[in-house]
Amino acid sequence: MCGIIGYVGKENAVPIIIEGLKKLEYRGYDSAGLAVYTGGNFNVVKRKGRLSVLESEIGLRPTSGHIGIGHTRWATHGEPSNENSHPHLGRRGLIAIVHNGIIENYRQLRDELAGKGIEFTSQTDSEVIAQLAEYYYKGDIVDTTIKVVSRLEGSYALGIMCIDEPDTLIAIKKDSPLIVGVSGHGHFIASDVPAILKHTNRVYYMNDKELAILREGSVRFCNIDREPFRKPLETITWSLDSAEKGGYPHFMLKEIMEQPAVLRSTIMSATGAGANRPVIDSLDITGFNKIVITACGSAYNAGMVARNVFERLCKVPVEVELASEFRYKDAILDARSLVILVSQSGETADTIAALREARAKGATTLSIVNVVGSTIAKEADLCIYTAAGPEIAVATTKAFSTQLILLYVLAIEFASRLGRLPPGVAQVLIDEIKGLPDKVAHILEQVDSIQRYASKSVGYKSIFFIGRNIDYAIALEGSLKLKEISYIHSEAYAGGELKHGTISLIEEDTLVVAISNCARLYDKIMSNVEQVISRGAKVLLIGDCHSGAPGVGQDGEHDSEHGGGHGSGHGADLSTDLSAELDAEPDSRLSHIALPQTDELFSPSLTVVALQLFAYFVAANKGLDIDKPRNLAKSVTVE
């Protein structure tokens, strides 16, 4: 959600903070601001709107200093406004703070302080922290910070400065991400690595209730009892270039195009002697009688796909739960339950709560995350990492695709150890997965046809996605991707549910995206296609299931009778011309995007690329801010 950056060092903090805030725009925001210490006071500049508004204001009132904090705010308490923007000062201007998170008891604290005559200038929960800090301040900012956080209920990542200690920057966190970076010219705090990567790739990952004390020449840590301790300094392995657009108009398109490379890296990490292999090998699946996958947003959709793969291969019951619901239900878990948590950032608040609930009930937890050192990665019993690299666009693409890869590999490994796969089939499936990057690359070489079709789709008020079985699971992601960046109303439905209400929404010139990769269900989905066409809809059919090529059957056999698939992919023809398929009948109500063949179980990895491109080009043709869609944040770190 909100983005934080702070700096103390030899350089002018203002351009460093502004540059860092730009790198955090992907987190979502509606206002921005900074505070720097200069001339014995804090100079605070903050404005509603984009960073360009803040930059213009700073241009009119130039300021500089060697210590400062900056913030991009995503409104939770109080509307977007200059007054509600961060940083916030205490009433005497002695202490400045920036805050990411939600203070759940802020009303109680606000009323308490108001009763002591303290007046507030904003409607935010965050200002309470600044006012409470000044109320407690007796000359030691570390003691003050400890007293303040002892009163706070909820989540927070805090950057704090004090007039009386103008060379010191304080940082502390609970349930919200915060890192500390070190460089030759100064030190940083930030919500995420991209904000500081231009200056350093050496960071400390902060844990809850750890307090960092930063000065120009030192970084020290202590706990809330003021006991000092040492932390390992870690090196970020990805480069600054990987967090830049690289000539693409949007990060989202760049990240779509990076998928062949990151899929290869993730496959390598999970097979052979890759970095994830020891964790996968250490998990004894025979000790579990149930698997629960819990996540939010796109990661939840990855879990929906995975349920089909796990249950088909492992013959083990799998539940997929929205983390925001899981945390509030009385989940039936015990020591024989495996809970898999999926999160790109590793900081998703609801997923963190689900993780803690699962552990409290004795379940074994396995996390799949993209960010090393994140809360979920550290707190789960076991963790495997996607090799997606930094993902800047709010709408996930490559991280989602790498999550699917790790879930596929886990399902195959578990099925093998449970004795549910015939000899040799596991390796056939792994080889099939290893072929996916080339097939994704083939789709990405033929984006023009999808772009042309998308350009004709910008006028639809509603677009529906339908599929059956695993195709329905990936339809959920296609619908989500479209709505979050194009603002077109979109829903995904299981094809068999059309007659149970949904078909009443189909009318003349409605667009229905039908996904068809299950050979055994081809006639069923085409019956659904005919039904919507007869009611005036136009249909975009994505898939290549009608070949009847072999797949993995219900009994784990690799055959065509029970196969369910697109095909094994061995010797599959990658020369499918998407543009020919789309241009064959320009006036037809049915258009078709053909995909390379693969096993049905892994077909979502190909389908989703076409769906991502379709959503991207619809939004691009509408001229929207694709990387930063309205009201959305990359990492949802508050409830």
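To be clear, the structure that these remarks concern was listed above.
Residue positions within a chain follow its written sequence, with the count starting from 1. Local features in this predicted model are restricted to residues of pLDDT 70 or higher, and side-chain atom pairs are both shown and tallied only at a pLDDT of 80 or more, whereas totals for entire chains, interfaces and linings draw on every residue. Hydrogens and water molecules were not included; the side-chain quantities draw on all heavy atoms of the structure.

## A short note on the overall build of the chain
Segments assigned H or I by DSSP are reported as helices when at least four residues long, segments assigned E as strands when at least two residues long, and all are numbered from the N terminus. Within the chain, the regular secondary structure consists of 20 helices and 27 strands. Here's how the labels work: a residue is buried when its accessible area is under 20% of the maximum for its type, exposed when over 50%, partly exposed in between, all with a 1.4 Å probe on protein chains only. Looking at the chain residue by residue over its 639 residues, the buried ones come to 61%. Here, two residues are considered to be in contact whenever any of their heavy atoms come within 4.5 Å of each other. In the chain, of all internal contacts separated by at least 6 residues, the share reaching a separation of at least 24 is 74%. Only the protein chains shown count as cover for residues, and the accessible areas themselves come from Shrake-Rupley with a 1.4 Å probe. Of the roughly 23,100 Å² that the chain leaves accessible, carbon and sulfur atoms contribute 48%. Counted charges follow a simple rule, with Lys and Arg positive, Asp and Glu negative, and His plus the chain ends left uncounted. Charged side chains are reduced to one point each, which is NZ for Lys, CZ for Arg, CG for Asp and CD for Glu. One finds the centroid of the 64 positive side-chain charges in the chain at a distance of 5 Å from the centroid of its 79 negative side-chain charges.

## Brief notes about the nonpolar core
Soluble globular proteins tend to pack their nonpolar side chains together in the buried interior. To form a nonpolar core, buried Ala, Val, Leu, Ile, Met, Phe, Trp, Tyr and Cys residues must be joined to one another through side-chain atoms within 4.5 Å. Core analysis: the largest hydrophobic core is formed by 126 residues, its most contacted members being Ile 291, Phe 310, Ile 340, Ile 433, Leu 613 and Phe 614. Excluding its chain neighbours within four sequence positions, the residues that come into contact with Phe 310 are Ile 291, Ile 293, Lys 315, Val 318, Ile 340, Leu 407, Leu 410, Ala 411 and Phe 414. Listed in part, the 54 residues of the second largest apolar core include Ile 4, Ile 103, Tyr 137 and Leu 178.

## Some words on the side chain of Thr 271
Mapped onto the fold, Thr 271 is located in the loop between helix H7 (259–270) and helix H8 (277–282). Within the local environment of Thr 271, its side chain forms a polar contact with the backbone oxygen of Ile 267, the two atoms lying 2.8 Å apart. By the criterion applied in these results, polar contacts are pairs of N or O atoms within 3.5 Å in which, for protein atoms, one can donate a hydrogen and the other can accept it, and in which residues neighboring in sequence qualify only through two side-chain atoms.

## What about the pairing of strand E16 (residues 290–295)?
Summarising burial for E16: six of the six residues are buried, a large majority. Here E16 shows a buried face lined by Lys 290, Val 292 and Thr 294 and a second buried face lined by Ile 291, Ile 293 and Ala 295. Only when DSSP finds a minimum of two bridges between them are two strands counted as paired. By the bridge criterion, five bridges tie E16 to strand E17 (residues 318–322) in an arrangement that is parallel. From the neighbouring strand, Ile 293 faces E17, where its bridge partner is Val 320.

## Thoughts on the packing of helix H1 (residues 13–23) against helix H2 (residues 51–60)
Remark: H1 packs on H2, axes separated minimally by 11 Å, with the N-to-C direction vectors making an angle of 170°. One way to sum up the angle between H1 and H2 is to call them roughly antiparallel. Crossing hand, H1 versus H2: left-handed. On H2, the residues that touch Val 14, Ile 18, Leu 21 and Lys 22 of H1 are Leu 51, Leu 54, Glu 55 and Ile 58. Between the N-to-C directions of two axes lies an angle of 0 to 180 degrees, each axis being a line fitted to C-alpha atoms and, for a helix, fitted only over the stretch in contact. An angle counts as roughly parallel when it lies under 35 degrees, as roughly antiparallel when it exceeds 145, as roughly perpendicular when it falls between 65 and 115, and as oblique in every other case. Crossing chirality is assigned from the near helix's rotation relative to the far helix, an anticlockwise turn below a right angle marking it left-handed and a clockwise turn marking it right-handed.

## Quick look at the side chain of Thr 145
Relative to the elements of secondary structure, Thr 145 occurs in helix H5 (residues 141–151). Classification of Thr 145 as buried rests on a relative accessible area of 2%. With near-sequence residues (within four places) excluded, Thr 145 lies in contact with Ile 160, Ile 170, Ile 172 and Leu 211.

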